[in-house]
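What follows is the residue order along each chain.
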Amino acid sequence: MKFVLHKSFFLFAFVLWLSANAAENIKGIETFGQLTYQGARQNWCVSAKSDGTIFFANHQGLLQFDGTNWELNPLPDETILRAVKVEGDSVIYTSGYMELGLWKPDKYGKLHYFSLAEKARKYLTDNIEFWNIAVSGDYVYFQSFTKILAFHADSIVPVDFPAFTSVMNKVDNKILVSVRNSGIFEIIEAKAVPFITGDFFKDKLVKFIIPFENNSILIGTAAHGIFVCDGKNITPWNSKWNDYFIKNEPNRALFTKSKQIIIGTIIDGIVVFDKEGKLQYKINDENGLQNNTVLGIETDAWQNIWLALDNGINFISGSQHKEFAIQKFPGTGAIYSTALFNNKIYLGTNQGLFEKNYNSDSDAFTLVPETQGQTWDLKVIDNKLWVGHNEGTFIIDNESINKVSNQSGGFSIRQDPLNKDLLIQCTYSNLVVFKKTNDTYIIKNRINGFVDLIRYLEIDHLGNIWASHMYRGIYKITTDDVRENVNSIQYFGEEVFGKDHSVHVFKLENRIVFTTGIQVFTYDDLNDTIVSYKNLNEKIGSYTSVNRIIDAGNHYYWFISRDKIGLFFIFLDEVKRIKEYPVSLFNNPPMVEGFENILPLSDFSAILCLQNGLAFLDASEKDAIYNLKDYSPEIRKLEIYSNSEKSELLDLQNSKYKINHNFNNLLFQFSFPHINELPVSYTYFLKGLNFGWSEKTVNPEFRFERLPKGEYFLQVKAIDLWGNESASYSFSFEIKPPWYSSALAIFLYLTVLTTALLLFRNWGIRQTKKKEQLQHETREKEIIRLRNEKLRNEVEHKSKELASSTMAIIKKNEFLLELKNTIEKHKTELGSRYPDKYFNFLVGKIDENITNQDDWQVFENNFERAHEQFFSKIKDSYPDLTSSDLRLCAYLRMNLSSKEIAPLLGISVRGVENHRYRLRKKLDLKPEETLTDVILSI
């Protein structure tokens, strides 16, 4: 009970110390320099859009930040911008040197500038600069020191003032302007009317006019402090800070929705007060700002503070998270252990032991004398602070420090449960036993029989010493009752844990447990064996990869793994995770890798050791950005490009696109509007291509290349360091098929294919018909050939018959003529002795047979069969031919000689020649033409 009260007392003291240093320990300060935003050093003004986009009037142009991406938009003539004012979500007014105008985004999200300088040309004097912009209704006012111009109904008109104007601010719904030595005037449309005037304003330079409580206003001056005006009286505000204001010259101010007054100075950064004038915090170049000259102040939708500085830009988180706080202690080194003792906080570092009083005005830690070097372990035991050091072990008691051991490397020290007066410590080489005597501790002995490098030490209820090697496995050591000699040593390595390195031992709910970075094991004392701690592994989820377990008391335990820290409540079978901290929260400064350590302060609070710093953890607070689900990423750029790198921006207002296949490479650029000092990562799911969400990335730019045709549905969400997810941004698009596989192309393909098939079919039909025709013609030719061959055979046969019959007739007639000649010769020789009766009879019979009409008829029939239509053709050609001429033609057609024709005609050869001559005349033949050839050609 004494120890619990002691720890609670120091917890209260430590919280008081944190509160006392709150103004110097503001979390969530981010700096943005020229190298980050790629603009000029000076930023003159800042204005926020409702979606979280921030605009700065930068020396080189309009600077835009969407929470992720910076973009500089130079003016066309690249002149200086002095002021910026966002109006609604679509118009940004800017002004500067000899220039005033407005910016509007196009459908691709790109800003375009529209100058109003030409409309105001006649009112612009040499070297005029417009330093402030205010909007009221449909009037926009641009303020320079010498005049104010009002833009209304697309025209510019001047607003006349009696003298020099130092500042113009919108207060509630009024546009108020400070006029030197005169007072404050209100602009109503294009006229200036007195608002507050009097001798008070003589010789005072007003730098800001802002709204305040109960319809009053705060008036900040350059050299006379800050005043509050209730409409009648003007009195100093926050008098005890008046000297500070006069010394550091207030320049800009803002009254926030959370009733804070933020005052930006020329010399000392910003100071933030509550409405009663109590200081909340102060930030300058000593604790976060990169420059002390504040030129512009703005808060965004989440009450984050943005500062436009003479050198750079600063961001201050509006949600000062209470679940953790980081305090840097430069120069202390890597902190391996920490302790709260006797109203002091101690740091055990690689450079030595450092201490600091809670109530000290100094923020610096001092080195405890004679403790230079590596300090490994700090532990409060029996109202004494034990210091495990590279050079031995020290005890701090009250204000004194005593060295109680020269054994190098005090890593871990535990009280012996079997002997409350003994402490056992592991070192570089030995196990050392300390004994309490009369409220003091002395080194009793080193345990004989064991020498090794041990980092963690635990003692179970049976008195077994469990020692985890610095690099290798686990030893189970039994000793005698007085802890002087080793009885047995048993080593557990790869055969038990599946690995032989990075195995550590801790105590959880009075059980010995072992961490391997993969799963948790435990000692089964009933069976004297080491087994997987199945019940715990099932309930702690991903924390099976734990490397270190630290007892926080009352059944609470801190689990430290490579990527997260968790606080668990573990009692009997109940295992409940109370809080989780991503290790990535602690990267500036980071944890001490491989030697991570936590000092529990209560059930829910603890101190985390860092390099050159500490983190205070309060697990009773909600996770940061718990309302992340109320927001979704926003698209800032959508670009498509071809494989030849020809690109095209797409309209961001469209909800669904149909994209040509030759532009099937897409680039999406997103931002997350919920700006906070804690980073978010992004993940996407492209339905139609992926089968799940992508790995997380801090770069919200996603590129998809060579997407095949089809419909796609893209979802993008942000994830914070705690794993909280935002709402999803959704986007649908379609990659149209390539021209060669489009519906039109397919229709053309089908048309061409159908036409080709039809042409092929027609060609096939023609070829078939042609083949059939050819086969038919071949058959016909064959038939004709056969017929002609038959005819030729028949003609030949008939010709042969004709020739045979003709030769027979010739032979017969030759015989008859020879017989006739013989008879006539006999008649001549015998005279009357051969009676005329017989002679005439025989000669008549012979002549009758020589000119036998039947022979001619047979010849003519055979001739017509062998030489079809010969007679009809020759008759048609030569109708004057006689039957005797026709017969001679027939004989000539048979190519018979005159000698052969003579018997057939029953005349002499000369008679045949004479007949031929007459026939030539009838045929009207030329001399060079032969009668036989002409007859043969018919």
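Quick caveat: nothing in here was measured; it's all calculated off a predicted structure. (Residues numbered from 1 in each chain as written. Predicted model: local features only at pLDDT ≥ 70, side-chain atom pairs only at ≥ 80, totals over all residues. Heavy atoms only, no water.)

Q: Please explain the overall build of the chain as it appears in this structure.
A: A count of helical and extended segments in the chain gives 13 helices and 64 strands. The globule rule puts the C-alpha radius of gyration for 938 residues at 30 Å, and the 61 Å found for the chain is more than 25% above it. Its C-alpha atoms put the chain at 210 × 100 × 40 Å along the principal axes. Counting all 938 residues of the chain, 50% fall into the buried class. Taking as baseline every contact in the chain between residues at least 6 positions apart, the subset at least 24 positions apart corresponds to 49%. Approximately 45,800 Å² of the chain is accessible, and the part contributed by carbon and sulfur atoms is 50%. Counting 106 positive and 115 negative side-chain charges, the chain places the centres of these two groups 8 Å from one another. (Helix = DSSP H or I, 4+ residues; strand = E, 2+ residues; numbered from the N terminus. Rg over C-alpha atoms; globule rule 2.2 N^0.38 Å. Buried < 20%, exposed > 50% of the residue type's maximum accessible area, 1.4 Å probe, protein only. Contact = heavy atoms within 4.5 Å. Areas by Shrake-Rupley, 256 points an atom, 1.4 Å probe, with all protein chains shown as cover. Lys, Arg positive; Asp, Glu negative; His and termini not counted. Charge placed at Lys NZ, Arg CZ, Asp CG, Glu CD.)

Q: What's the story with the pattern of salt bridges in this structure? I'm lost.
A: Proximity of charged atoms lets side chains of opposite charge pair with each other. Inspection of every chain in the model, using the stated rule, returns 26 salt bridges. Where Glu213 meets Lys275, a salt bridge forms, and the shortest distance between an N and an O atom there is 3.7 Å. Remark: Lys275 occurs in the loop between strand E24 (270–273) and strand E25 (279–283) and Glu213 occurs in the loop between strand E18 (206–211) and strand E19 (217–221); sequence separation between them is 62 residues. As a salt-bridge pair, Asp452 and Arg472 come within 3.5 Å of each other at their nearest N and O atoms. You can see Asp452 sitting in the loop between strand E41 (440–446) and strand E42 (454–459) and its partner Arg472 sitting in the loop between strand E43 (465–469) and strand E44 (474–479), a full 20 residues away along the chain. (Salt bridge = Lys/Arg side-chain N within 4 Å of Asp/Glu carboxyl O.)

Q: I tried to follow the environment of Val167 on my own but got confused; where do I start?
A: Its location among the elements puts Val167 in strand E14 (residues 165–171). Taking the C-alpha atoms as reference, Val167 lies 7.6 Å from Gln143; in sequence the two are 24 residues apart. Other than its neighbours up to four places away in sequence, Val167 contacts Asn132, Gln143, Leu176, Val177, Ser178, Val206, Lys207, Phe208 and Ile209.

Q: Sorry if this is basic, but what is going on with the sheet that holds strand E13 (residues 155–159) here?
A: Two orientations exist for strands paired in a sheet by backbone hydrogen bonds: parallel and antiparallel. Pairing within the open sheet is antiparallel, and its four strands lie in the order E10-E11-E12-E13. Two strands bound the open sheet, and with one partner strand each, they are strand E10 (130–136) and E13. If you compare each strand with its neighbour and ignore which way they point, the axes differ by 25 degrees on average. Pairing of strand E12 (residues 148–152) with E13, which is carried by five bridges, proceeds in the antiparallel orientation. Across the sheet, the residue bridging to Phe151 is Ile156, located in E13. (Pairing = 2+ DSSP bridges. Axes fitted to C-alpha atoms, helices over the stretch in contact; angles between N-to-C directions.)

Q: When you look at the pairing of strand E63 (residues 710–719) in this model, what are you seeing that I'm missing?
A: Side-chain direction in a regular strand flips from residue to residue, so the side chains alternate between the two faces of the sheet. Here E63 lies mainly inside the structure; seven of its 10 residues are buried. In this structure, strand E61 (residues 681–687) lies alongside E63, joined through seven bridges in antiparallel fashion. Looking across to E63, one finds that Phe685 is bridged to Gln715. Where E63 meets strand E64 (residues 729–735), seven bridges bridge the pair, whose relative direction is antiparallel. Paired with Gly710 across the bridge in E64 is Ile735.

Q: How should the layout of surface pockets be read in this particular structure?
A: Gaps between atoms show up when a probe of the same size as a water molecule is rolled over them. Here the second largest pocket is characterised by a volume of approximately 1,100 Å³. Looking at the second largest pocket, it is lined by 41 residues, and the ones nearest its centre are Lys85, Lys170, Leu254, Ile297 and Glu298. Of the residues belonging to the lining of the second largest pocket, the class tally is 21 nonpolar, nine polar and 11 charged. (1 Å grid on protein atoms, 1.4 Å probe; cavity = no way out; pocket = protein on both sides within 12 Å on 5 of 7 lines; lining within 4 Å. Points joined across faces, edges and corners; volume = space filled by probe spheres on them. Nonpolar A, V, L, I, M, F, W, Y, C, P; charged D, E, K, R; others polar.)

Q: Mind showing me how you'd approach the nonpolar core here?
A: A general feature of soluble globular proteins is that nonpolar side chains tend to end up buried together. Judged by nonpolar contacts, the single largest core of 28 residues is most densely connected at Ile659, Phe668, Leu714 and Phe733. Of all the secondary structure elements, the ones that give two or more residues to this core are strand E57 (634–641), strand E59 (656–659), strand E60 (665–671), E61, strand E62 (701–704), E63 and E64. For Phe733, the contacting residues outside a window of four places in its chain are Lys656, Tyr657, Ile659, Leu666, Phe668, Leu686, Leu707, Gly710, Glu711, Tyr712 and Leu714. Among the nonpolar cores identified, the runner-up in size contains 27 residues, and Leu886, Leu896, Ala902 and Leu923 belong to it. (Core = buried A, V, L, I, M, F, W, Y, C linked by side-chain atoms within 4.5 Å.)

Q: I tried to follow the packing of helix H9 (residues 870–877) against helix H10 (residues 883–893) on my own but got confused; where do I start?
A: Two quantities define a packed helix pair, namely the angle between the axes and the distance from one axis to the other. Where H9 contacts H10, the two axes come as close as 11 Å, and the packing angle between them is 125 degrees. Comparing the axis directions of H9 and H10 gives the class oblique. Crossing of H9 over H10 shows right-handed handedness. Along its contact with H9, which presents Phe870, Phe871, Ile874 and Lys875, the element H10 presents Leu886, Cys889, Ala890 and Arg893. Across the contact of H9 with H10, the residue classes tally to six nonpolar, no polar and two charged. (Parallel < 35°, antiparallel > 145°, perpendicular 65-115°, else oblique. Left-handed = near helix turned anticlockwise from the far one by under 90°.)

Q: Got a minute to help me understand the confidence of the model for the chain in this structure?
A: Detailed conclusions should not be drawn from predicted coordinates in areas where pLDDT is low. Averaged over every residue, the pLDDT of the chain is 87; residues scoring 70 or more account for 93%. Under a pLDDT of 50 for its full length, residues 1–13 has, in the predicted model, 20 contacts with residues more than four places off or in other chains. Counted against residues more than four places away or in other chains, residues 18–24, with its pLDDT under 50, gives eight contacts. (pLDDT = per-residue confidence, 0-100.)

Q: Looking at this model, I keep getting lost on the pairing of strand E23 (residues 261–265). Mind explaining?
A: The buried fraction of E23 amounts to five of the five residues, a majority that puts the element mostly inside the structure. Residues of E23 alternate between two faces, with Ile261, Ile263 and Thr265 on one and Ile262 and Gly264 on the opposite face, all of them buried. The pairing of strand E22 (residues 250–255) with E23 spans five bridges and is classified as antiparallel. Note on E23: the bridge partner recorded for Pro250 is Thr265. In this structure, the hairpin formed by E22 and E23 is closed by a connection of five residues, where Lys259 is found at a positive phi of approximately 65 degrees. For E23 and E24, the ladder comprises four bridges, and the chain directions are antiparallel. Its bridge partner lying in E24, Ile263 is registered against Val271. Counting the residues that bridge the hairpin from E23 to E24 gives four residues, and of these Gly269 lies at a positive phi of roughly 65 degrees.

Q: What is the right way to look at a nonpolar patch on the surface in this model?
A: On the surface, Trp739, Tyr740, Leu744, Ile746, Phe747, Leu748, Tyr749, Leu750, Leu753 and Leu757 cluster together to form a nonpolar patch covering roughly 1,100 Å² of accessible area. The topology assignment puts Leu748 in helix H6 (residues 743–830). (Patch = residues over 30% accessible without salt bridge, like charges linked within 9 Å, V, L, I, M, F, W, Y side chains within 5 Å.)

Q: Help me understand the packing of aromatic side chains, please; the structure alone is not making it clear to me.
A: The geometry of an aromatic ring pair is captured by the separation of the ring centres together with the interplanar angle, meaning the angle of the planes. Per the stated rule, a full pass over the model turns up 65 aromatic pairs. Note on Trp466 and Phe514: the rings are 5.3 Å apart at their centroids and 65 degrees apart in plane angle, and the pair reads as edge-to-face. Of this pair, Trp466 sits in strand E43 while Phe514 sits in strand E47 (residues 511–515), and the two are 48 residues apart along the sequence. A relative accessible area of 0% means that Phe514 is categorised as buried. Taken together, the ring pairs connect Tyr657, Phe668, Phe670, Tyr684, Phe702, Phe704, Tyr712, Tyr729, Phe731 and Phe733 into an aromatic cluster. The ring of Phe164 carries the charged tip of Arg180 above its face, separated from the ring centre by 4.7 Å. (Phe/Tyr/Trp six-rings, centres within 6.5 Å; stacked < 30°, edge-to-face > 60°. Lys NZ or Arg CZ within 6 Å of the ring centre and 35° of its normal.)

Q: How do you make sense of the sheet that holds strand E56 (residues 613–618) when you look at a structure like this?
A: The four strands are arranged E29-E56-E55-E54 in an open sheet whose pairing can be described as antiparallel. In this open sheet, the two edge strands, each paired with only one partner strand, are strand E29 (324–328) and strand E54 (598–600). Each strand axis lies, on average, 20 degrees off the axis of its neighbour in the sheet, ignoring direction. Sheet topology places strand E55 (residues 605–610) next to E56; six bridges connect them, and they run antiparallel. In the sheet register, Ile607 faces E56, and the bridge partner there is Phe616.

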